[in-house]
Amino acid sequence: MKFTRRAACAALALFMSTAATVAPAFGFEPAIVFDMGGRFDKSFNEGANNGAEKFKKDTGTNFRWFEVTNEAQREQFLRRLASRNADIIVSVGFSMAPSVEKVAKEFPNVRFTLIDGNVDLPNVQSIEFAEHEGSYLVGVLAAMASKTGTVGFVGGMDIPLIRRFACGYEQGVKATNAKANVLANMAGSTPAAWADPTRGSELAKSQFDRGADVIFAAAGQTGMGVLQAASDAGKLSIGVDSNQNHLFPGKVLTSMVKRVDVAAYEAFKTAQDGTWKAGHRRLGLKEDGVGWAFDDNNKALITPAMKAAVDKATAEIKSGTRTVANYDDAKGCKY
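Conventions used here
- Residues numbered from 1 in each chain as written.
- Predicted model: local features only at pLDDT ≥ 70, side-chain atom pairs only at ≥ 80, totals over all residues.
- Heavy atoms only, no water.
- Salt bridge = Lys/Arg side-chain N within 4 Å of Asp/Glu carboxyl O.
- Helix = DSSP H or I, 4+ residues; strand = E, 2+ residues; numbered from the N terminus.
- Buried < 20%, exposed > 50% of the residue type's maximum accessible area, 1.4 Å probe, protein only.
- Disulfide = S-S within 2.5 Å.
- Pairing = 2+ DSSP bridges.
- Axes fitted to C-alpha atoms, helices over the stretch in contact; angles between N-to-C directions.
- Contact = heavy atoms within 4.5 Å.

Caption draft 1: Expanded view of the pattern of salt bridges. Tallying each qualifying case throughout the model produces 20 salt bridges. When the shortest N-O distance is used, the salt bridge between R164 and D328 registers 2.5 Å. Placement of R164 in helix α6 (residues 160–176) and of D328 in helix α11 (residues 327–330) is noted, with a sequence separation of 164 residues between them. We classify R164 as buried; its relative accessible area is 6%. Exposure remark for D328: the relative accessible area of 29% places this residue in the partly exposed category. A salt bridge links R259 to D261; the shortest N-O distance between them is 2.9 Å. On the accessibility criterion, R259 (34% relative accessible area) is partly exposed. When salt bridges that share partners are traced, they join D116, E131, R164, K258 and D328 into one network.

Structure (structure tokens):
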């Protein structure tokens, strides 16, 4: 058979196509483990997934992923990925910390990025957020939007992390209206508290019955029940982690966003380009790690005065002229 130039080009094209398909197996291999609540929880996990998907789109590099559905799987999935030589494993959620610590010690050559927790090891990067700062901002907006002077907060699992949200929110409300009443409830004390929309709806309805007309939900999937109940009752809700304004347009006052997407994207990207570093980082307003969502879905709810007030608070927190007490540092909500 004569090997023509056309045949050579066709063979080369076939080889290149095949090489592109199999290349990730021999190249950079990132992975991510989503905690309970699921990859598409419309909140924290989904934010991390959005960052991973953006990395895939920008670089053409696929990533492995697992969803945790029970507590034992955290360690199992991390160990499975590490044993398969993943180059970077992003672990989503504070509950992953004990498993990350254990597995990272077993696989010192594998890099781990823990989002929302802190593990001090030479192969672990820990990224946390200043939730109290972002929550302060939505507290300002809640106080200004409320017509009753009573606002609410529904948290997921009763842990210090969620208390940080609640405390920052309360400070923003009180700084705006010192006479305002802040109702607060937690959905539970176990991980199941993150995945119970019915419970979220019940707590929201109870707070509405007590006069609240704006409720901030920091509760994962449980928060979906809060947002739904607010929409049904003609009240306002505040979303969390991801921008949730679009879920109930005109009924979600705003969302307190944590840039989990950026954290996941940068973990993958820096591991790929060789600039990844272990250690601890806390991302606040100054680092654009937290903020509030303003878009076409809620712009009719945010008056010029409200936007001016929250912009002023943002600038002052960034500059250090306005301080938001951290629940952890104060050992309680003291301000």
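Right, picking up where we left off after that structure.
Caption draft 2: A look at the state of the cysteines. Per the counting criterion, the structure on display carries 1 disulfide. Between the sulfur atoms of C167 and its disulfide partner C333 the distance amounts to 2.2 Å. Across the S-S bond linking C167 and C333, the dihedral sits near 90°, which makes this disulfide right-handed. Residue C167 is located in helix α6, and its partner C333 is located in the segment after α11; the two are separated by 166 residues in the primary sequence.

Caption draft 3: Structural detail: the side chain of S201. Among the structural elements, S201 can be located in helix α7 (residues 197–209). S201 gets classed as buried once you look at its relative accessible area, which sits at 16%.

Caption draft 4: Representation of the sheet that holds strand β6 (residues 150–157) in the model. If you trace the 6 strands from one edge of the open sheet to the other, you get β7-β6-β8-β9-β10-β12, paired in mixed fashion. Edge positions in the open sheet fall to β7 (181–188) and β12 (290–292), since each of these has one partner strand only. Strand-to-strand, the axes of this sheet are offset by a mean angle of 15°, without reference to chain direction. Pairing analysis gives 5 bridges linking strand β9 (residues 236–241) to strand β10 (residues 252–258), with the strands arranged parallel. Directly across from V240, in β10, lies its bridge partner M256. Sheet contacts for α6: β6, β7, β8 (214–218), β9 and β10; angle to β6, the most-contacted strand, approximately 170°.

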